[in-house]
Amino acid sequence: MTAHIEVAEPHVMTTYGRVPIALERGQGCRLWDINGKEYLDALGGIAVNTLGHNHPKFVPAIQEQVAKLIHCSNYYHVPGQEILARLLTERARMDKAFFCSTGLEANEAAIKLARKYGVDKGIANPVIVVYDHAFHGRSLGTMSATANPKVREGFGPLLEGFVRIPANDIEALKQATEGNPNIVGVMMEPIQGEGGLHPMRAEYMQQVRALCDAKGWLMILDEVQSGMGRTGKWFAHQWAGIVPDIMSLAKGLGSGVPVGALLAKGKAAEVFKPGNHGTTFGGNPLSMRAGIETIRIMEEDGLLAHTTKVGSHLKARLQQELGTLPGVVEVRGEGLIIGIELAKPCGVLLTRGAEAGLLFSVTADTVVRLVPPLVMTEAEADEVVAKLKPLVQQFLSE
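This one's a predicted model, so the numbers in the text were calculated from it and none came from an experiment. Note on numbering: residues in each chain are counted from 1, in written sequence order. Given that the model is predicted, a residue must reach a pLDDT of at least 70 before its local features are reported, and side-chain atom pairs must reach 80 or more before they are shown or counted; all residues, however, enter totals for whole chains, interfaces and linings. Just so you know, side-chain values use all the structure's heavy atoms and leave hydrogens and water out.

### A look at the packing of helix α3 (residues 79-92) against helix α9 (residues 285-300)
Packed helices, taken two at a time, are described by the angle their axes make and the gap between the axes.
Alright, step 1. Helix axes are fitted to C-alpha atoms over the stretch in contact, other axes to C-alpha atoms as well, and angles between N-to-C directions run from 0 to 180 degrees. Strands here are runs of E lasting at least two residues and helices are runs of H or I lasting at least four, both read from the DSSP assignment and numbered beginning at the N terminus. Packing of α3 against α9 leaves a shortest axis separation of 8 Å and a crossing angle of 40°. Here α3 is positioned oblique relative to α9, judged by the angle of their axes. Two packed elements cross with a definite hand, and for α3 against α9 that hand is left-handed. Only Met-288, Gly-291, Ile-292, Ile-295 and Glu-299 of α9 make contact with α3, whose side of the interface consists of Gly-80, Gln-81, Ile-83, Leu-84, Leu-87, Leu-88 and Arg-91. Angles below 35 degrees are treated as roughly parallel, those above 145 as roughly antiparallel, those between 65 and 115 as roughly perpendicular, and all remaining angles as oblique. Handedness of each helix crossing follows the sense of rotation of the near helix against the far helix: counterclockwise by less than a right angle gives left-handed, clockwise gives right-handed. In what follows, residue pairs with any heavy atoms lying within 4.5 Å of each other are defined as contacts.

### Some details on the packing of aromatic side chains
Alright, step 1. Note on aromatic contacts: the rings of Phe and Tyr and the six-membered ring of Trp form a pair at centre separations within 6.5 Å, being stacked when their planes are under 30 degrees apart, edge-to-face when over 60 apart, and tilted otherwise. Here the structure, examined in full by the defined rule, presents two aromatic pairs.
Alright, step 2. Seen from their ring centres, Tyr-75 and Tyr-76 are 6.1 Å apart, and the 90° between their planes marks the pair as edge-to-face. An identical accessibility class is assigned to Tyr-75 and Tyr-76; each is exposed.
Alright, step 3. Between Tyr-131 and Tyr-204, the aromatic rings sit 6.2 Å apart at their centres with planes inclined by 90°, giving edge-to-face as the arrangement. Of this pair, Tyr-131 sits in strand β5 (residues 127-131) while Tyr-204 sits in helix α8 (residues 202-215), and the two are 73 residues apart along the sequence.
Alright, step 4. The buried label goes to any residue with under 20% of its type's maximum accessible area, the exposed label to any with over 50%, and the partly exposed label to all in between, with areas taken from a 1.4 Å probe on protein chains only. For Tyr-131, a relative accessible area of 1% puts it in the buried group.
Alright, step 5. Only when the NZ atom of a Lys or the CZ atom of an Arg is both within 6 Å of the ring centre and within 35 degrees of the ring normal do we say a charge sits over the ring. Of note, Lys-233 hangs over the ring of Trp-239, and the distance from its end group to the ring centre comes to 4.6 Å.
Alright, step 6. Lying across the ring of Phe-395, Lys-344 places its NZ or CZ 4.6 Å from the centre.

### As for the layout of surface pockets
Alright, step 1. Whether a set of points on the 1 Å grid over the protein atoms alone is a cavity depends on a 1.4 Å probe fitting there but being unable to get out, while an open set qualifies as a pocket with protein on both sides within 12 Å along at least five of seven lines; lining residues are those with an atom within 4 Å of a point. Grid points are joined across faces, edges and corners, and a volume is the space filled by probe spheres set on the points. There is about 810 Å³ of room inside the second largest pocket.
Alright, step 2. The wall of the second largest pocket is formed by 28 residues, among which Gln-81, Ala-97, Phe-98, Phe-99 and Phe-272 lie closest to the centre.
Alright, step 3. Put simply, the parts of the chain that give the lining of the second largest pocket at least two residues each are α3, β4 (96-100) and β12 (260-264).
Alright, step 4. Take the lining of the second largest pocket: its biggest share by element is five residues, from α3.
Alright, step 5. In this classification, the charged set is Asp, Glu, Lys and Arg, the nonpolar set is Ala, Val, Leu, Ile, Met, Phe, Trp, Tyr, Cys and Pro, and all remaining amino acids, among them Gly, are polar. Of the residues assigned to the lining of the second largest pocket, the class counts are 13 nonpolar, nine polar and six charged.

### Concerning the side chain of Ser-139
Alright, step 1. Structurally, Ser-139 is set in the loop between β5 and α5 (140-145).
Alright, step 2. Apart from residues no more than four positions distant in its own chain, Ser-139 is found in contact with Leu-104, Glu-108 and Ser-144.

### A closer look at the environment of Ile-183
Alright, step 1. Relative to the assigned elements, Ile-183 resides in strand β7 (residues 183-188).
Alright, step 2. As a C-alpha pair, Ile-183 and Thr-363 span 180 residues in sequence and 30 Å in three-dimensional space.

### Notes on the sheet that holds β7
Alright, step 1. The seven strands lie next to each other as β4-β12-β11-β10-β7-β5-β6, forming an open sheet whose pairing is mixed. Each having just a single partner strand, β4 and β6 (162-165) make up the two edges of the open sheet. Between one strand axis and the next, the sheet turns through 20° on average, direction left out of account.
Alright, step 2. Only strands that DSSP links by at least two bridges are regarded as paired with each other. Taken together, the four bridges between β5 and β6 define a ladder with parallel strand orientation. Counted as the bridge partner of Ile-128 is Phe-162 from β6.

### A few points about empty space enclosed by the protein
Alright, step 1. Counted by the stated rule, this structure contains two cavities of 30 Å³ or more.
Alright, step 2. A volume near 60 Å³ is recorded for the largest cavity.
Alright, step 3. Counted by class, the lining of the largest cavity contains five nonpolar, four polar and three charged residues.
Alright, step 4. Computed from the structure, the second largest cavity encloses a volume of approximately 40 Å³.
Alright, step 5. Forming the boundary of the second largest cavity are His-71, Cys-72, Ser-73, Asn-74, Val-78, Gln-81, Thr-280, Phe-281, Gly-282, Gly-283, Asn-284 and Pro-285.
Alright, step 6. In terms of residue class, the lining of the second largest cavity is built from four nonpolar, eight polar and no charged.

### Points about the nonpolar core
Looking at soluble globular proteins, one finds that nonpolar side chains tend to be buried together.
Alright, step 1. Residues Leu-88, Leu-318, Leu-342, Leu-370 and Leu-388 are the most contacted members of the largest nonpolar core, which totals 61 residues.
Alright, step 2. With eight residues, the single largest contributor to this core is helix α12 (residues 378-397).
Alright, step 3. Leaving out residues up to four positions away in the same chain, Leu-88 has contacts with Phe-99, Met-228, Phe-235, Leu-249, Leu-253, Ala-261, Leu-263 and Ile-295.
Alright, step 4. Core analysis: the next-biggest nonpolar cluster, separate from the first, contains 24 residues, Ile-128, Val-184, Ala-269 and Val-271 among them. Here, nonpolar core refers to any group of buried Ala, Val, Leu, Ile, Met, Phe, Trp, Tyr and Cys residues whose side-chain atoms link them within 4.5 Å.

### Let's talk about the UniProt feature "binding site: N(2)-acetyl-L-ornithine" (unreviewed entry) in the protein chain
Alright, step 1. UniProt positions are given in the numbering used here, feature names are shortened, and annotations may be inferred rather than shown by experiment. Feature annotation in UniProt assigns "binding site: N(2)-acetyl-L-ornithine" (unreviewed entry) to the following positions: Arg-138 and Thr-279. Lining the second largest pocket, from the residues named above, are Thr-279.
Alright, step 2. In this structure Arg-138 touches Leu-104, Met-143 and Val-151, once residues within four positions along its chain are discounted.
Alright, step 3. With respect to the helices and strands, the residue Thr-279 is situated in the loop between β12 and α9.
Alright, step 4. If we ignore the near neighbours within four places in the chain, the residues touching Thr-279 are Asn-74, Phe-98, Phe-99 and Glu-105.

### Here's the deal with the pattern of salt bridges
Alright, step 1. In the sections that follow, a salt bridge refers to a side-chain nitrogen of Lys or Arg positioned within 4 Å of a carboxyl oxygen of Asp or Glu. By the definition in use, this model includes 25 salt bridges.
Alright, step 2. The closest approach of N and O atoms between Glu-383 and Arg-30, which form a salt bridge, is 2.7 Å. Of the two residues, Glu-383 is situated in helix α12 and Arg-30 in strand β2 (residues 30-33); the sequence distance between them amounts to 353 residues.
Alright, step 3. Connected via shared salt-bridge partners are Lys-57, Glu-64, Arg-289, Glu-293, Arg-296, Glu-300 and Asp-301.

Take a look at the structure:
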């Protein structure tokens, strides 16, 4: 029997179609709702809870920081910013970081930086190349770079300055930009999370890197969902052996505490000057401590190798148990960001999953998305498959 709750929210805007449960506490990859029902967490707060719930190393550090200082202001130096910036730029082989609170803000900053880079070079109307299936956020700027019509429509004129192309087609990129002197950058997700777990091929990313170098464009990578160890490397683009000029991060960076970051390298790292960009909450002492401790614990506990191992196991089991079912199009992903594409829209599976004690999401209407905490074990991965298979089988038989 599902522990459904009767939810009345007359004062909350109806921006979400919620599953009718309310979560109260968590431990590792387990969650419990207010009625005591237990769930296996294969969503991780949408790739946010890197270390799971109530991590024994993370929680005391955050409690200690809360007792010291939560927020001050960017009027003053925040020592944690330099520590976290160094940790990130060393692992990314980049130079500088700007801190904000969300992935949307990081992507908005990336768009602003690229446009100013172009204006500083004398380009009055800078243009950024973006992709089919892309999702970069819901502000006017990031929404304009996003492909999904459901996100874009109904808000009036969008921001100009974007050219959209199909993924993994270098000739399409060349043709779309041929003779256009206003191109300033190419913005892509190494794995298109909200767009249905579509990966950019390593060879294609290498080709884009080479083309950006030849043309003087900025290569901008949105690693908001695919970064911070989710694929088994610090950042998903590292499987292609490249380094971007600009990279956005958020989600898993703070293990549940809101943290966003924009990393930049070389000429891109010098574009912003005082007054060009800013934030009230970004880079506060609490969020910086969360990022620092997340990286420290990930390295102490060997979570990159663990993610590769458990992710490979989970993907193999999903392919074995679900991949051959009629109506399953493909199982794809890397590490612990995995999608199971079905042949028809499957949004109803969210509530059915909760009823079965399994939390996941559906993206791009037809793709079951699994982005669990990186601490998930192989036994828990097996449990995900055991809970998910009958749900998918029943759904596809209808």
